[in-house]
Protein chains: 2
Amino acid sequence: MTEFTATVTVRLKRGVLDPEAETTKQALERLGFELSALRSADRFELDLEAEDAASAEARADEMAERLLANPTIHDYDVAVAQR
Amino acid sequence: MTEFTATVTVRLKRGVLDPEAETTKQALERLGFELSALRSADRFELDLEAEDAASAEARADEMAERLLANPTIHDYDVAVAQR
């Protein structure tokens, strides 16, 4: 078994309103910063043991499907690196 | 001016308690997943215009310092890509 870190990034689907990101953007603009858009996402770093990178990625993917992301409103991607 | 996307990842410093991550880890374990650690982070994707990548990165860095991260409890890193 090898140790891997799987990084799951969960973002809102395009078209889903993100009032927190909008508020953060406005706060930055009030501080004088110029930006055309701000998107927020959640990032989970999972340390796990697996036979190989493919099986680590499959497990992280299942965790995203079942708990970390809500498929109605979220997209996610998974990246795996050996530790 | 060129369009850049700066990605700011904000994570808790080592040693700062993260009860939300701990709860998420326990929920995954109750679903039958095995993992040795889970860390959560916030990710902000900022679309902005700048002369070059270095100045885009400097501005994203300043936004992180002033608003996106709390230097007492957070570390952050900035990555810039041309759009």
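Everything numeric in this text was worked out from a predicted model, so none of it was measured.

**Examining the pattern of salt bridges**
Residues and elements named next belong to chain A. All chains considered together, the criterion is met by 16 salt bridges over all chains. Across the salt bridge formed by Asp-77 and Arg-11, the nearest N and O atoms sit 2.9 Å from each other. One end of the pair, Asp-77, is in strand S3 (residues 74–82); the other, Arg-11, is in strand S1 (residues 2–12), with 66 residues separating them in the sequence. As a salt-bridge pair, Glu-29 and Lys-25 come within 3.0 Å of each other at their nearest N and O atoms. Residue Glu-29 and its partner Lys-25 are located together in helix H1 (residues 19–30), separated by four residues, close to a single helical turn. By relative accessible area, which is 14% here, Lys-25 ends up buried.

**A word on the interface of chain B and chain A**
With 30 residues of chain B at the interface, the matching set in chain A holds 30 residues. For the pair chain B and chain A, the number of links is six salt bridges. Counting every contact that joins chain B to chain A gives 14 residue pairs in polar contact (both at pLDDT 80 or more). Of all the secondary-structure elements, those providing two or more residues to the side of chain B that touches chain A are strand S1 (2–12), helix H1 (19–30), strand S2 (37–50) and helix H2 (53–68) of chain B. Take the side of chain B that touches chain A: its biggest share by element is 12 residues, from S2 of chain B. Partitioning the side of chain B that touches chain A into residue classes produces 14 nonpolar, five polar and 11 charged. Where strand S2 (residues 37–50) of chain A lies against S2 of chain B, 11 bridges are found, and the strand directions are antiparallel. Each residue of the ladder has a partner; that of Arg-43 of chain A, found in S2 of chain B, is Ala-41 of chain B.

**Some words on the packing of H1 of chain A against H2 of chain B**
At a minimum axis separation of 11 Å, H1 of chain A and H2 of chain B run at an interaxial angle of 105°. For the element pair H1 of chain A / H2 of chain B, the angle class is roughly perpendicular. Where H1 of chain A abuts H2 of chain B, its residues Thr-24, Ala-27 and Leu-28 of chain A lie against Met-63, Leu-67 and Leu-68 of chain B. Grouping the constituent residues of the contact of H1 of chain A with H2 of chain B by class yields five nonpolar, one polar and no charged.

**Overview of a negative patch on the surface**
A cluster of acidic side chains, namely Glu-20 and Asp-42 of chain A together with Glu-20 and Asp-42 of chain B, defines a negative patch on the protein surface. Structurally, Asp-42 of chain B can be placed in strand S2. Look at Asp-42 of chain B and you get partly exposed, because its relative accessible area is 38%.

**As for the sheet that holds S1 of chain B**
Ordered in space as S3(A)-S1(A)-S2(A)-S2(B)-S1(B)-S3(B), the six strands form an open sheet in which the pairing is antiparallel. In this open sheet, the two edge strands, each paired with only one partner strand, are S3 of chain A together with strand S3 (74–82) of chain B. Neighbouring strand axes in the sheet, compared pairwise and without regard to direction, differ in orientation by 25° on average. Here 10 bridges tie S1 of chain A to S2 of chain A, and the two strands are oriented antiparallel to one another. Of the residues in S2 of chain A, the one forming a bridge with Thr-9 of chain A is Arg-43 of chain A. Contacting S2 of chain A together with S2 of chain B, H1 of chain A crosses the sheet at an angle of about 120° to S2 of chain A.

Definitions and limits used
- Residues numbered from 1 in each chain as written.
- Chains lettered and ligands numbered in written order.
- Predicted model: local features only at pLDDT ≥ 70, side-chain atom pairs only at ≥ 80, totals over all residues.
- Heavy atoms only, no water.
- Salt bridge = Lys/Arg side-chain N within 4 Å of Asp/Glu carboxyl O.
- Helix = DSSP H or I, 4+ residues; strand = E, 2+ residues; numbered from the N terminus.
- Buried < 20%, exposed > 50% of the residue type's maximum accessible area, 1.4 Å probe, protein only.
- Contact = heavy atoms within 4.5 Å.
- Polar contact = N/O pair within 3.5 Å; in protein donor to acceptor, adjacent residues only side chain to side chain.
- Nonpolar A, V, L, I, M, F, W, Y, C, P; charged D, E, K, R; others polar.
- Pairing = 2+ DSSP bridges.
- Axes fitted to C-alpha atoms, helices over the stretch in contact; angles between N-to-C directions.
- Parallel < 35°, antiparallel > 145°, perpendicular 65-115°, else oblique.
- Patch = residues over 30% accessible without salt bridge, like charges linked within 9 Å, V, L, I, M, F, W, Y side chains within 5 Å.
- Areas by Shrake-Rupley, 256 points an atom, 1.4 Å probe, with all protein chains shown as cover.
- Lys, Arg positive; Asp, Glu negative; His and termini not counted.
- Charge placed at Lys NZ, Arg CZ, Asp CG, Glu CD.

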